[in-house]
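# Remarks on the overall topology
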Amino acid sequence: MHVFLKDIAPAAQNNINTRFIILDKARSPAAGAGGIKSCIALAADETAAVHIQLWGDECEAFEAGDIVKLTNGIFSYVRNSGLLLRAGKRGKMEKMGEFTVAFVETPNVSEIQWSPDPENPKRYIQNGVVSAYSRIFPPLP
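Summarised in this report is the structure supplied together with it. (Residues numbered from 1 in each chain as written. Predicted model: local features only at pLDDT ≥ 70, side-chain atom pairs only at ≥ 80, totals over all residues. Heavy atoms only, no water.)

### Observations concerning the nonpolar core
Grouped together as the largest cluster of nonpolar side chains are 24 residues, with contacts concentrated most on Phe-20, Val-50, Ile-52 and Leu-85. Among the nonpolar cores identified, the runner-up in size contains seven residues, and Ala-44, Ala-49, Val-78 and Phe-137 belong to it. (Core = buried A, V, L, I, M, F, W, Y, C linked by side-chain atoms within 4.5 Å. Buried < 20%, exposed > 50% of the residue type's maximum accessible area, 1.4 Å probe, protein only.)

### Examining the environment of Gly-128
Relative to the assigned elements, Gly-128 resides in strand β9 (residues 120-129). Distance in space between the C-alpha atoms of Gly-128 and Ile-112 is 5.9 Å, their sequence separation being 16 residues. (Helix = DSSP H or I, 4+ residues; strand = E, 2+ residues; numbered from the N terminus.)

### Here's the deal with unusual backbone geometry
Despite not being glycine, Asn-72 has its phi angle at roughly 55°, a positive value. With respect to the secondary-structure elements, Asn-72 resides in strand β5 (residues 66-78).

### Section: the side chain of Lys-25
Here Lys-25 lies in strand β1 (residues 16-25). With a relative accessible area of 10%, Lys-25 lands in the buried category. Engagement of the side chain of Lys-25 in a polar contact is seen with the backbone oxygen of Cys-59, the distance being 2.4 Å. A polar side-chain atom of Lys-25 sits 2.7 Å from the main-chain carbonyl oxygen of Phe-62. Among residues more than four places away in sequence, those in contact with Lys-25 are Cys-39, Ile-40, Ala-41, Leu-54, Cys-59, Glu-60, Phe-62, Glu-63 and Phe-137. (Polar contact = N/O pair within 3.5 Å; in protein donor to acceptor, adjacent residues only side chain to side chain. Contact = heavy atoms within 4.5 Å.)

### Considerations on the environment of Val-78
With respect to the helices and strands, Val-78 occurs in strand β5. By relative accessible area, Val-78 is classed as buried at 18%. Between the C-alpha atom of Val-78 and that of Gln-53, which follows or precedes it by 25 residues, the distance is 9.3 Å. With residues near it in sequence (within four places) discarded, Val-78 still touches Gln-53, Leu-84 and Arg-86.

### With respect to the side chain of Gln-53
Position of Gln-53 relative to the elements: it lies in strand β4 (residues 49-55). Note on Gln-53: relative accessible area 5%, which makes it buried. At 3.1 Å, the side chain of Gln-53 and the side chain of Trp-55 are in polar contact. Non-local contacts of Gln-53, meaning those with residues more than four positions away in its chain, are made with Ser-38, Cys-39, Ile-40, Glu-58, Val-78, Leu-84, Leu-85, Arg-86 and Met-93.

### Description of the pairing of β5
Where β1 and β5 come together, five bridges link them in antiparallel fashion. Following the sheet pairing, Ile-16 is matched in β5 by Gly-73. As defined by bridge partners, β5 adjoins strand β7 (residues 92-98) across six bridges and the pair is classed as antiparallel. Bridging from a neighbouring strand, Leu-70 pairs with Met-93 of β7. Sheet topology places β5 next to strand β6 (residues 82-86); five bridges connect them, and they run antiparallel. Paired with Ile-74 across the bridge in β6 is Arg-86. (Pairing = 2+ DSSP bridges.)

### Description of the pairing of β4
Among the seven residues in β4, six count as buried, and that is most of the element. Direction of pairing for strand β3 (residues 37-44) relative to β4: antiparallel, over a ladder of seven bridges. Counterpart to Leu-42 in the pairing with β4 is His-51. Linking two consecutive strands that pair antiparallel, namely β3 and β4, is a turn of four residues.

Shown next, in the form of structure tokens:
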């Protein structure tokens, strides 16, 4: 089942199936654990935007304008990077096309503060908005 970006919430589960367009990508990949490069990108669908993390070959495989299908993705906190949507070890990202999808850049769900749900500590609920737009990829003037 396809989920819209506005409906994702942080969780330690690989259960997000969605699609999005990559709007921008960090220019230089950083070496992560074990020397594997990773990079951050800004992605969006017709409901919201999100920061995504690309690992290894994904950094070279995807560019701005690519439409991507994510299967079994995870949306969680990554140390020193904040909330990121990524494939993780069990997920998969595949290119579906280019430049042919409607999108919005706000709200950015990576820029929302989340708190554990007092009724269910395994869930998170929105607690506030840090910024309506990406602070990593600011909107063009």
